[in-house]
Amino acid sequence: MVDFGFGLVPSSRINLDLFDKGKYEELAALEPDVRICMACGSCTAVCTAGKFEPTSLREAIEDIKNARADKALQMLEPCQLCGKCSMVCPRGINTRHLILSINKIYSEK
Amino acid sequence: MTPLSYLLAAQAEVPEVIDRIPSGFSYFVIPFTVGVAFMFCWLGVGLIRLLADIPKEDRIKFGKSLFIPKVALKNIKELFCDCLFHVKIWQRKPLLGYMHSAIAFGWFMIIILGHIEVALFVPARLNVTRGGLFYPIFYRYFVWMNPGHTTLRGSFFFFLMDFFLLYILSGIALAIFKRFRSIVLGMRHTTKPSFADRVALYSLWMIFPLRLLAESFTADLSGGSFLTIPVNQFWHFLFGDKLWFMPCWWAYSICLGLFFAAMPFSRYMHILTEVLWILLRNAGVKPNHPRKGVAEAEIYACSSCGLCLDACPMNVQKKNLKYSSVYFIRFLRRHNEKKINAIADKCLMCDKCHALCPVGVDAPALRRAQRATVNNTMPYNYAYLDASGSVQPSEPGRVHSRFAAAENGLSPESAPADSTQPCHANPGVLYFAGCMTHLTPRIIKSVEKVFKAAGVEYAFADREGGICCGRPLMLAGRTDAAAKVIEANKQMIEASGCKTLVLSCPICYKIFKEEYHLEGINVVHYTQFINELIAAGRLDVKKTDEKIVYHDPCELGRGCGVYLEPRAALSQVGTLVKASKEYDESICCGGSLGSLTLDTHDRAKISQASLQALLSGNPETIVTACPLCLKTFSEAVSRGENLEQHVKVKDFAEAICP
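What you are looking at is a predicted structure, and each value in this text was computed from that prediction instead of being measured. (Residues numbered from 1 in each chain as written. Chains lettered and ligands numbered in written order. Predicted model: local features only at pLDDT ≥ 70, side-chain atom pairs only at ≥ 80, totals over all residues. Heavy atoms only, no water.)

Novice: Looking at this model, I keep getting lost on the overall build of chain A. Mind explaining?
Specialist: The number of helices and strands found in chain A is 6 helices and 0 strands. Secondary structure elements of chain A occur, N-terminal to C-terminal, as α-α-α-α-α-α. Relative to the compact-globule value of 13 Å for 109 residues, chain A shows a C-alpha radius of gyration of 14 Å, a close match. Considering only C-alpha atoms, chain A reaches an extent of 45 × 30 × 25 Å along its principal axes. Counting all 109 residues of chain A, 49% fall into the buried class. Split by element, the accessible area of chain A, about 5700 Å² in all, is 56% carbon and sulfur. Computed over 14 positive and 14 negative side-chain charges, the inter-centroid distance for chain A is 5 Å. (Helix = DSSP H or I, 4+ residues; strand = E, 2+ residues; numbered from the N terminus. Rg over C-alpha atoms; globule rule 2.2 N^0.38 Å. Buried < 20%, exposed > 50% of the residue type's maximum accessible area, 1.4 Å probe, protein only. Areas by Shrake-Rupley, 256 points an atom, 1.4 Å probe, with all protein chains shown as cover. Lys, Arg positive; Asp, Glu negative; His and termini not counted. Charge placed at Lys NZ, Arg CZ, Asp CG, Glu CD.)

See below:
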């Protein structure tokens, strides 16, 4: 879609050409659980930090897949690593390590 | 028989011991001297480097601690008990304890007695310029006993030397046996020795048999006792009058030299470093880096004995052996960055290896420090903590007031009889549930039930959900971020004006006790609090004949030393049965937040092992005092793999107030 430079709502355009496959594979190598997320949002529902700031691991994973790693990192900044999300995850994702791994891989410039 | 006094007097005139070799030197001492000199140089440089790496204030603290009588006494006690007698191993595995103390204490006594002998009979030789370094070690080679002038004193030393040599030899025999059948001595797994370990190990095995050989060959010249004299007579019987004893002394010296030269690179470094580590530990100096300074002393104090291999809950699967503390420390020692990080992240931080370590090496703390080198610099944004910490939440619609209790003063939640009291009538008890308890609301429910039954006036700090205690951040190595969270919680608790803080999560309890420094506030775990309520007669409990087994949560038991209170309370409501592993040997439930990379499959295996240990006494109910354990065990029991009997899993408060 052509960007005319103005709009009534903020652009929600997703440009998948910007998706960094190399980094995603790196992340999946470090924490393979990233692939098995089914985006149910249980993690978001129980999130301790989510009560104060819009924090959501589900959204962060989606953001990464949608080539918005910067948004994902920002989304995870308030996280306190309390581990509630890992306890409720129906897929048994090691969420704490996933969050640390996302930080580790996508913070590198 | 000649009186003793006469013998002692006679000794003054006719020397009992004559320097057989006037120069006091023989070429065979060279290997030993070179080896030992190399070791001392290496250790000297290492010690200076190590002390230089310790921050200045810690160094001063360490220096001062040596002169504080209380610490000095503790030092002396621990040096004897840990380094020489290995009391901690004795208590757990008597045969292993015997083996270690035989070699350590026996060798120590032989060295000391050798020096005493030289000091008594040829004092001039103690001087370093006249062979003081090697003379006492090879004393028996250099002297000749004046026949007919041996005193009781001399015989006494002969006896002691032979006695301790036999003592060491029995230890060595056990050590060699252990290499092949360690299970007999109580060890399922042993560490794989590295190359330097092997060199040192085989020379250590050889040293004492060779010493016996060497001393027995010269026993007719330089004296001996019940062990060396008969062996000497046997050699005479075999080889006739003339004995060629030089090869034995050479071999003995070479083995000693090899051992000392290999020592700095092998696990036997612990013999000397342990001393430094005990002094540092008792001075209260903590490692601030996973490899430098205090940590280095800790790393080199590890004896690589492998007792942590059997202790580690991960090792129910053999593939996880490589993540044990002993290998973590070995790779730290070798600066193998890649392996260190993988191992550091795997650990459940259940602290069992630390609790069972005979040297007291705090490997979990080193793992935390190692995690910090990777994770501490990660970005975080806790601005919301300050915003919501103020009285006015910045976004009322979105931000919950996590300080409901603090803002209104402590308002009693349970309605007591005299509820006419104003809100600021401080009940003194603040209950902080924590994240994990909020995930298991049954705990909150039953804790409140207990409070109500006992008529406790309390305030609920985080009914609407609070923030994390900071311990999970600490465990992940994010100490700076944890400090922020701690600060925010601390403000809230201090503002509440409570006198007692009750926690239902051991993870919170540990960090509140250790890092919060809440002055004037009694921080208790709810097991302790409820036990006090029962003891004070405020809470009525009904005794049933339910068979209960209590699981010690890692952070509560090994972490904070709370073992007895929950058991005392539980014995009031049912019959406590024993688990096959309990107290400091209890096995982690597998749900620990400590591990960063352990996957669900491995965790389930650990839960199974832990359940097996708990069910050994055929209990009807498993009671635990940690929301994580409760959740993990509930899930494991409902999966029901390999479970013959059906058990209920209950929280501590549920068990007390059903």
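Novice: Sorry if this is basic, but what is going on with the overall build of chain B here?
Specialist: The helix and strand inventory of chain B stands at 32 helices and 10 strands. With respect to the principal axes defined by its C-alpha atoms, chain B has extents near 100 × 55 × 50 Å. Looking at the 658 residues of chain B, the share that counts as buried comes to 57%. Within the structure as shown, chain B displays about 28300 Å² of accessible surface, and the carbon and sulfur contribution to it stands at 62%. Across chain B, the mean location of the 70 positive side-chain charges is 6 Å away from that of the 55 negative side-chain charges.

Novice: Looking at this model, I keep getting lost on the domain arrangement of chain B. Mind explaining?
Specialist: Interface size is commonly expressed as the accessible surface area that is lost when the partners come together. When cut into domains, chain B gives domain 1 (15–265), domain 2 (287–374), domain 3 (400–534) and domain 4 (537–656). Between the C-alpha centres of domain 1 of chain B and domain 4 of chain B the distance comes to 48 Å. (Domains from an automatic or database assignment.)

Novice: Help me understand helix H25 (residues 479–496) of chain B, please; the structure alone is not making it clear to me.
Specialist: What sets the pattern is the α-helix's 3.6 residues per turn: residues three or four places apart point alike. All names here are of chain B. Over its 18 residues, H25 runs 25 Å from end to end, which matches the ideal 26 Å to within 8%, given 1.5 Å per residue. Every buried residue belonging to H25 is among Ala481, Ala482, Val485, Ile486, Ala488, Asn489, Lys490, Met492, Ile493 and Ser496, and all of these are buried. Positive phi shows up at glycine 497, right after H25, with a value of about 70 degrees. (Expected span 1.5 Å × (residues − 1).)

Novice: Would you mind going over the pattern of salt bridges with me for this structure?
Specialist: When the charged atoms of two side chains lie near each other, side chains of opposite charge can form a pair. Residues and elements named next belong to chain B. Per the counting criterion, the structure on display carries 28 salt bridges over all chains. For glutamate 654, the salt bridge is made with arginine 442, and the minimal N-O distance between the two is 3.0 Å. In this pair, glutamate 654 sits in helix H32 (residues 652–656) while arginine 442 sits in helix H23 (residues 441–454), placing the two residues 212 residues apart along the sequence. Here arginine 442 falls in the partly exposed class, since its relative accessible area comes to 33%. Salt-bridge contacts for glutamate 448 lead to arginine 463; the nearest nitrogen and oxygen are separated by 2.7 Å. A residue pair is termed long-range when its members are at least 10 positions apart, and glutamate 448 in helix H23 and arginine 463 in the loop between strand S4 (458–460) and helix H24 (471–475) qualify at 15 residues. (Salt bridge = Lys/Arg side-chain N within 4 Å of Asp/Glu carboxyl O.)

Novice: Please clarify how a nonpolar patch on the surface should be interpreted in this entry.
Specialist: A cluster of nonpolar side chains, contributed by Phe25, Tyr27, Ile30, Val34, Trp250, Ile254 and Leu258 of chain B, occupies part of the molecular surface with about 660 Å² of accessible area. At 3 residues, the largest contribution of residues to the nonpolar patch is made by helix H12 (residues 246–262) of chain B. (Patch = residues over 30% accessible without salt bridge, like charges linked within 9 Å, V, L, I, M, F, W, Y side chains within 5 Å.)

Novice: What exactly am I supposed to notice about the packing of aromatic side chains here?
Specialist: For any two aromatic rings, the description comes down to two numbers: the centre-to-centre distance and the angle of the planes. Residues and elements named next belong to chain B. Scanning all chains against the criterion turns up 51 aromatic pairs over all chains. For the ring pair phenylalanine 105 and phenylalanine 164, a centre distance of 5.9 Å and an interplane angle of 85 degrees mean the geometry is edge-to-face. You can see phenylalanine 105 sitting in helix H6 (residues 94–121) and its partner phenylalanine 164 sitting in helix H8 (residues 152–180), a full 59 residues away along the chain. When the ring of tyrosine 141 is compared with that of tryptophan 249, the centres are 5.5 Å apart and the planes differ by 65 degrees; the resulting orientation is edge-to-face. One end of the pair, tyrosine 141, is in helix H7 (residues 139–142); the other, tryptophan 249, is in helix H12, and 108 residues separate them in sequence. The same class applies to tyrosine 141 and to tryptophan 249, which are both buried. The ring centre of tyrosine 141 lies 5.0 Å from the NZ or CZ of arginine 20, which sits over that ring. (Phe/Tyr/Trp six-rings, centres within 6.5 Å; stacked < 30°, edge-to-face > 60°. Lys NZ or Arg CZ within 6 Å of the ring centre and 35° of its normal.)

Novice: In this structure, what is going on with the interface of chain A and chain B? I would like to understand it.
Specialist: Between chain A and chain B, the contact holds 26 residues from the first and 36 residues from the second. Of all residues in chain A, Phe52, Gln80 and Met87 of chain A bury the most surface against chain B, accounting for 27% of the area lost on that side. Counting every contact that joins chain A to chain B gives 0 salt bridges. At the junction of chain A with chain B, the criterion picks out 9 residue pairs in polar contact (both at pLDDT 80 or more). Among the secondary structure elements, those contributing two or more residues to the side of chain A that touches chain B are helix H5 (84–88) and helix H6 (95–107) of chain A. If one sorts the elements of the side of chain A that touches chain B by residue count, H6 of chain A sits on top with 6 residues. By residue class, the composition of the side of chain A that touches chain B is 11 nonpolar, 9 polar and 6 charged. (Contact = heavy atoms within 4.5 Å. Buried area = accessible area lost by both parts, 1.4 Å probe. Polar contact = N/O pair within 3.5 Å; in protein donor to acceptor, adjacent residues only side chain to side chain. Nonpolar A, V, L, I, M, F, W, Y, C, P; charged D, E, K, R; others polar.)

Novice: What exactly am I supposed to notice about the environment of alanine 372 of chain B here?
Specialist: Position of alanine 372 of chain B among the secondary structure elements: in helix H19 (residues 363–375). A sequence separation of 156 residues divides alanine 372 of chain B from glutamine 528 of chain B, and the C-alpha atoms of the two residues are 32 Å apart.

Novice: Would you mind showing me how to read unusual backbone geometry here?
Specialist: Excluding glycine, most residues fall at negative phi; most peptide bonds, likewise, are trans. Even without glycine at this site, alanine 67 of chain A takes up a positive phi of about 65 degrees. Tracing the sequence through the fold places alanine 67 of chain A in the loop between helix H3 (57–65) and helix H4 (69–76). Among the residues examined, alanine 67 of chain A registers a relative accessible area of 17% and is labelled buried. With phi around 50 degrees, histidine 517 of chain B is a residue other than glycine that occupies positive phi space.

Novice: Is there a simple way to think about the sheet that holds S4 of chain B in this case?
Specialist: Through backbone hydrogen bonds, the strands of a sheet pair up, either in parallel or in antiparallel fashion. Residues and elements named next belong to chain B. The strand order across the open sheet built from 4 strands is S4-S3-S5-S6, with neighbouring strands paired in parallel fashion. Edge positions in the sheet fall to S4 and strand S6 (522–525), since each of these pairs with one other strand and no more. Each adjacent strand pair in this sheet contributes to an overall mean axis angle of 25 degrees, direction not counted. The pairing of strand S3 (residues 429–432) with S4 spans 3 bridges and is parallel. Bridging across to S4, tyrosine 431 finds its partner in phenylalanine 460. On the sheet, H23 packs against S3, S4 and strand S5 (500–503) and is oriented at approximately 165 degrees with respect to S4. The sheet strands contacting helix H27 (residues 526–535) are S3, S5 and S6, and the helix crosses S6 at an angle near 90 degrees. (Pairing = 2+ DSSP bridges. Axes fitted to C-alpha atoms, helices over the stretch in contact; angles between N-to-C directions.)

Novice: Can you walk me through the environment of threonine 191 of chain B in this structure?
Specialist: Residue and element names in this part refer to chain B. Summarising the element assignment, threonine 191 is placed in the loop between H8 and helix H9 (195–217). When its relative accessible area of 3% is taken as the criterion, threonine 191 is described as buried. Counting along the chain gives 116 residues from threonine 191 to leucine 307, while the straight-line C-alpha distance between them is 8.8 Å. If near-sequence neighbours (up to four positions away) are discounted, threonine 191 is found in contact with Arg179, Arg267, Ser304, Cys305, Gly306, Leu309, Val326, Tyr327 and Arg330. A distance of 2.7 Å separates the side chain of threonine 191 from the backbone oxygen of serine 304, its partner in a polar contact.

Novice: What should I look at first to understand the packing of H23 of chain B against H27 of chain B in this one?
Specialist: To describe two helices that pack against each other, one gives the angle between their axes and the distance between the axes. Residues and elements named next belong to chain B. At a closest axis distance of 11 Å, the pairing of H23 and H27 adopts a crossing angle of 25 degrees. When the axis of H23 is compared with that of H27, the two are roughly parallel. The way H23 lies across H27 gives a crossing that is left-handed. Taking contact as the criterion, the partners of Ile443, Val447, Val450, Phe451 and Ala454 in H23 are, on H27, Tyr526, Phe529, Ile530 and Leu533. Within the contact of H23 with H27, the residues separate by chemical class into 9 nonpolar, no polar and no charged. (Parallel < 35°, antiparallel > 145°, perpendicular 65-115°, else oblique. Left-handed = near helix turned anticlockwise from the far one by under 90°.)

Novice: Just to check I follow, could you spell out the sheet that holds strand S7 (residues 547–551) of chain B for this structure?
Specialist: Residues and elements named next belong to chain B. Strand order in this open sheet of 4 strands is S8-S7-S9-S10, and the pairing throughout is parallel. Both edges of this open sheet fall to strand S8 (575–577) and strand S10 (648–651), since each of them pairs with a single strand only. On average, each strand axis in the sheet is inclined to that of its neighbour by 40 degrees, with strand direction left out of account. The pairing of strand S9 (residues 621–624) with S10 spans 4 bridges and is parallel. The residue of S10 that forms the bridge with threonine 624 is aspartate 651. On top of the sheet, helix H30 (residues 600–614) reaches S7 and S9; it is set at about 135 degrees to S7, its chief contact.

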